[in-house]
Amino acid sequence: MAKILVIDDELSIRQMLKKVLEKAGYDVDMAENGAIGLEKVKNELFDILLCDIKMPEMDGFVFLDEVKKLELSLTIIMMTSFGSVETAVEVIRRGAYDYISKPFKTDEVIIAIKKAEERQRLIKENTLLKWQSNQMLMDNTIFESSAIKNVIAAVEKVAPYRQPVLITGESGVGKEVIAHLLHQKSHRASKPFVAINCAAIPENLLESEVFGYARGAFTDATKPKRGLFEYADGGTCFLDEISEMSESLQSKLLRFLEDGEIRPVGDVKTIKVDVRIISATNKDLKALVDEGRFRNDLYYRLNVIPIHIPPLRERKEDIVAYVNLRLNKVKKEISKDALSVLLNYPWFGNFRELRNVIDRILIFSNDNLIDIDDLPDYMFIRENINSEKVDSSILSLKKVIEDVERDYIKKALTLTNGNRLKAAKLLEISPRSIHYKIKEYGIE
């Protein structure tokens, strides 16, 4: 049963509630004002607080504010003889879970406690699930290479702070995994982690998704909508592919980083939210700044704490560790020749590609020993390549990929009579991406 603290300056109320709640099987303690109640909360573990609003020395509102600073998993129910809608709204806004008016019947108190008890149960279950999720995430993060051990050490060090983090690295190296670790190792772990892919959401919708909108902001806005930043209040917002963010939205993000306020689309009021920003990109953001394609001031605000994740081909220990981890789970082994091919393959898709290859091997392989015949055919382009030729081979393959990409963009533009929006849709990339690619490849 839950442990309850009753805080009220009237002795008769305290004693009555203690008697009723103990009869219902609860463990009950008492305090005659908010100051004494706060000391008890600091030194003992409680599940539910029943607190009066109007008290000497420290009233219920001040008590609520002070308890909130402690960041405890408590459920608080406020009591008052001066009930009103305004009071109810205010106590809920300050962090109380529920509100009951005096005089109250004992049944009303028990019902309120039962609801609070159910909430506490859900909080504990959620905490356990987050812990289990954290363990699964850690179990599937490979730590063998010194490069990744350095990344994890950096995560441990910076996780408790609020400063923005910029995670860089090629596509597929695990930038979102590291962002999750940063969140789960911070004091924000019990609050939302919201991931936003800036390249996946159309530019005209991204602003309203991030900041929300007011009723009447546009034709279909029949009611207001909370933005993802407001939803993430108290937690973390992960901005993936930050390089794809439009210039106008970059300006609004910069303003949020400076004052911690957002303004929903079509609204005149601002909303204060507490959100830590973690951003990620597979591009050279500094180079984009130098080219005038990304705001210089925003870059420096996002890059307060940089974390770089090296590509998989530079940390072969992690390839061996992951392959062994997956194969050991299904009691299979891999031959030296097959492992050699995996180690010499460039892995342009990084960890994501490695995971998919191993998935495929495990599905189609019928033997306990994974050999060369079980590997995808395209991986043998690197067979018998000397280590001295690896870098030139990678550059050559990169040139082939760029040529193919350029040809596809030209064909898409031809098919759409030069309409970039339609060409981008045809290629399933963002309009901003095709704009950059046209400029990068010098396509007329």
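Source: prediction; values computed, not measured.

Undergrad: I'd love a proper account of unusual backbone geometry, names of residues and values included.
TA: Note on backbone geometry: most residues besides glycine have negative phi, and most peptide bonds are trans. A cis amide bond links Lys102 with the next residue in sequence, Pro103, at an omega value of -5°. Assignment of secondary structure puts Pro103 in the loop between strand E5 (98–101) and helix H5 (106–139). In this structure, Glu241 takes a positive phi of about 55° despite not being glycine.

Undergrad: Lay out the packing of aromatic side chains in plain terms, naming residues and giving numbers.
TA: Within this structure, the stated rule accounts for seven aromatic pairs. Aromatic side chains Tyr322 and Phe351 sit 4.8 Å apart centroid to centroid with 70° between the ring planes, which places their arrangement in the edge-to-face category. Here Tyr322 is found in helix H13 (residues 316–329), whereas its partner Phe351 is found in helix H15 (residues 350–364), with 29 residues between them in sequence. Each member of the pair, Tyr322 as well as Phe351, is classed as buried. Feature note: the residues Phe211, Phe229 and Phe256 constitute an aromatic cluster, connected by ring pairs.

Undergrad: Mind laying out the side chain of Arg188, listing which residues take part and the relevant values?
TA: Its place among the elements puts Arg188 in the loop between helix H7 (175–184) and strand E7 (193–197). Leaving out residues up to four positions away in the same chain, Arg188 has contacts with Arg162, His183, Gly234, Gly235, Thr236, Asp274, Val275 and Arg276.

Undergrad: So what's going on with the sheet that holds strand E10 (residues 236–240)? Which residues, and what values?
TA: Here we have five strands laid out as an open sheet, ordered E7-E10-E13-E6-E14, and parallel in their pairing. Of all the strands in the sheet, just E7 and strand E14 (305–308) have a single pairing partner and so form its edges. When strand polarity is set aside, the average angle formed by the axes of neighbouring strands in this sheet is 20°. Note: strand E6 (residues 165–168) against strand E13 (residues 276–281), four bridges, orientation parallel. Of the residues in E13, the one forming a bridge with Leu166 is Ser279. The strands touched by H7 are E6, E7, E10, E13 and E14; relative to E6, the strand with the most contacts, the crossing angle is about 155°.

Undergrad: Now, about the packing of H13 against helix H14 (residues 336–344): what can you tell me, with residues and values included?
TA: One can describe the packing of H13 onto H14 by two numbers: an axis separation of 10 Å at closest approach and a directional angle of 135°. Taken together, H13 and H14 sit at an angle that is classed as oblique. Relative to H14, the crossing made by H13 is right-handed. Across the interface between the two elements, Lys316, Ile319, Val320 and Val323 of H13 pack against Leu339, Leu342, Leu343 and Asn344 of H14. Among the residues forming the contact of H13 with H14, the class breakdown is six nonpolar, one polar and one charged.

Undergrad: How would you summarise the sheet that holds strand E3 (residues 48–52) if you had to cite specific residues and measurements?
TA: On the basis of which strands lie adjacent, the open sheet formed by five strands has the order E2-E1-E3-E4-E5 and parallel pairing. Each edge of the sheet is formed by a strand with only one pairing partner; in this case those strands are strand E2 (27–31) and E5. Pairwise comparison of adjacent strand axes, ignoring direction, gives a mean angle of 20° for this sheet. Sheet topology note: the strand E1 (residues 3–7)/E3 ladder contains four bridges and is parallel. Bridge assignment links Val6 to a residue of E3, and that residue is Leu50.

Undergrad: Can you explain the nonpolar core? Please cite residues and give values.
TA: Ranked by internal contacts, the top residues of the largest apolar core, which has 29 residues, are Phe229, Leu239, Ile242, Leu253, Phe256, Ile277 and Phe294. Sort the elements by how many residues they give to this core and helix H10 (residues 247–259) lands first, with five residues. Once you skip the residues sitting within four places of it in the chain, Leu239 turns out to touch Ile196, Cys198, Phe229, Met245, Leu253, Ile277, Ile278, Ser279 and Ala280.

Undergrad: Explain the packing of helix H2 (residues 34–43) against helix H3 (residues 60–70) to me, and be specific about the residues and the numbers.
TA: Closest axis-to-axis distance for the H2/H3 pair is 10 Å, and the angle between their directions is 15°. Considering the angle they form, H2 stands roughly parallel to H3. In this structure, H2 crosses over H3, and the sense of that crossing is right-handed. Within the contact between the two elements, H2 uses Gly34, Gly37, Leu38, Val41 and Lys42 and H3 uses Phe63, Glu66, Val67 and Leu70. In terms of residue class, the contact of H2 with H3 is built from five nonpolar, two polar and two charged.

Undergrad: So what about the confidence of the model for the protein? Which residues, and what values?
TA: Across the protein, pLDDT averages 84, with 90% of residues at or above 70. Taken element by element, the predicted model of the protein shows its lowest mean pLDDT in helix H16 (residues 390–415) (70) and its highest in E6 (97). This model gives residues 382–391 a pLDDT under 50, and the stretch forms eight contacts once residues within four places in sequence are excluded.

Undergrad: Run through the environment of Met58, naming residues and quoting values.
TA: Here Met58 lies in the loop between E3 and H3. A relative accessible area of 15% means that Met58 is categorised as buried. Among residues more than four places away in sequence, those in contact with Met58 are Gly34, Ala35, Leu38, Phe63 and Glu66.

Undergrad: Account for the pattern of salt bridges, with residues named and values stated.
TA: Applying the stated criterion to the full structure yields 23 salt bridges. In this structure, Glu66 and Lys69 form a salt bridge, with 3.2 Å as the shortest nitrogen-oxygen distance. Here Glu66 pairs with Lys69, and both are found in helix H3, just three residues apart, close to one helical turn. Taking the relative accessible area as the measure of exposure, Lys69 reaches 60% and is therefore exposed. With a shortest N-O distance of 2.7 Å, Asp297 and Arg295 are connected by a salt bridge. Through salt bridges with shared partners, one network takes in Asp8, Asp52 and Lys102.

Undergrad: Pulling in residues and values, what's your account of helix H6 (residues 146–158)?
TA: A turn of α-helix holds 3.6 residues, and therefore any two residues three or four places apart point the same way. With 13 residues, H6 ought to run about 18 Å at 1.5 Å a step, and its terminal C-alpha atoms sit 18 Å apart, in line with that. Turning to H6, its buried residues are Ile148, Val151, Ile152, Val155 and Val158. Each buried residue of H6 lies within a common arc of 140° when the element is viewed along its axis, so the set occupies one face. Exposed positions of H6 whose direction lies more than 90 degrees from the buried face are Ser146, Asn150 and Lys157. The secondary structure elements touched by the buried residues of H6 are H7, E13, E14 and H13.

Procedures and definitions
- Residues numbered from 1 in each chain as written.
- Predicted model: local features only at pLDDT ≥ 70, side-chain atom pairs only at ≥ 80, totals over all residues.
- Heavy atoms only, no water.
- Helix = DSSP H or I, 4+ residues; strand = E, 2+ residues; numbered from the N terminus.
- Phe/Tyr/Trp six-rings, centres within 6.5 Å; stacked < 30°, edge-to-face > 60°.
- Buried < 20%, exposed > 50% of the residue type's maximum accessible area, 1.4 Å probe, protein only.
- Contact = heavy atoms within 4.5 Å.
- Pairing = 2+ DSSP bridges.
- Axes fitted to C-alpha atoms, helices over the stretch in contact; angles between N-to-C directions.
- Parallel < 35°, antiparallel > 145°, perpendicular 65-115°, else oblique.
- Left-handed = near helix turned anticlockwise from the far one by under 90°.
- Nonpolar A, V, L, I, M, F, W, Y, C, P; charged D, E, K, R; others polar.
- Core = buried A, V, L, I, M, F, W, Y, C linked by side-chain atoms within 4.5 Å.
- pLDDT = per-residue confidence, 0-100.
- Salt bridge = Lys/Arg side-chain N within 4 Å of Asp/Glu carboxyl O.
- Expected span 1.5 Å × (residues − 1).
- Arc of directions from axis to C-beta.

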